[in-house]
Amino acid sequence: MTSYKVVDCRGGETEGETYEIAAASSPENAALQAIGEVLVRSGRRADLRVRVYFQHPDQALSMVRLYAKAIDRA
């Protein structure tokens, strides 16, 4: 089973905080469990919310950047 490491990039007091998620179906699902936001894989640099690291068996370590949806911008 793949585990996920979610690194918070929202800034402020949570900047750099790390969450270990053991049971998730995707990087997006891991981020939802970690910070409670629905995120997407593309967006503006200013909308970056988390980086998710994961490694499938017998594969290299992967990283996905997840962003706030354009419709959810404050």
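Refer to the structure above for everything that follows.
This structure is a prediction, so every number in the text was calculated from the model and none was measured. (Residues numbered from 1 in each chain as written. Predicted model: local features only at pLDDT ≥ 70, side-chain atom pairs only at ≥ 80, totals over all residues. Heavy atoms only, no water.)

In this section: the nonpolar core. Y4, V6, I21, V50, V52 and L66 are the most contacted members of the largest nonpolar core, which has 15 residues in total. Per-element accounting of this core gives the leading share, 4 residues, to helix α1 (residues 27-35). Among residues more than four places away in sequence, those in contact with V52 are Y4, K5, V6, P27, S62, M63, V64 and L66. (Core = buried A, V, L, I, M, F, W, Y, C linked by side-chain atoms within 4.5 Å. Buried < 20%, exposed > 50% of the residue type's maximum accessible area, 1.4 Å probe, protein only. Helix = DSSP H or I, 4+ residues; strand = E, 2+ residues; numbered from the N terminus. Contact = heavy atoms within 4.5 Å.)

The next point concerns the pattern of salt bridges. Applying the stated criterion across every chain yields a total of 5 salt bridges. Close ionic contact of R10 with D8 constitutes a salt bridge, the shortest N to O distance being 2.6 Å. A salt bridge links R41 to E28; its shortest N-O distance comes to 2.5 Å. Pair noted here: R41 is in the loop between β3 (39-40) and β4 (48-54) and E28 is in helix α1, with a separation of 13 residues, a long-range link. In this structure, a network of salt bridges that share partners links the residues D8, R10, E37 and R49. (Salt bridge = Lys/Arg side-chain N within 4 Å of Asp/Glu carboxyl O.)

The two faces of strand β2 (residues 18-21) differ: Y19 and I21 on one face are buried, but T18 and E20 on the other face are not. As paired elements, strand β1 (residues 4-8) and β2 share 4 bridges and run antiparallel to each other. Each residue of the ladder has a partner; that of K5, found in β2, is E20. (Pairing = 2+ DSSP bridges.)

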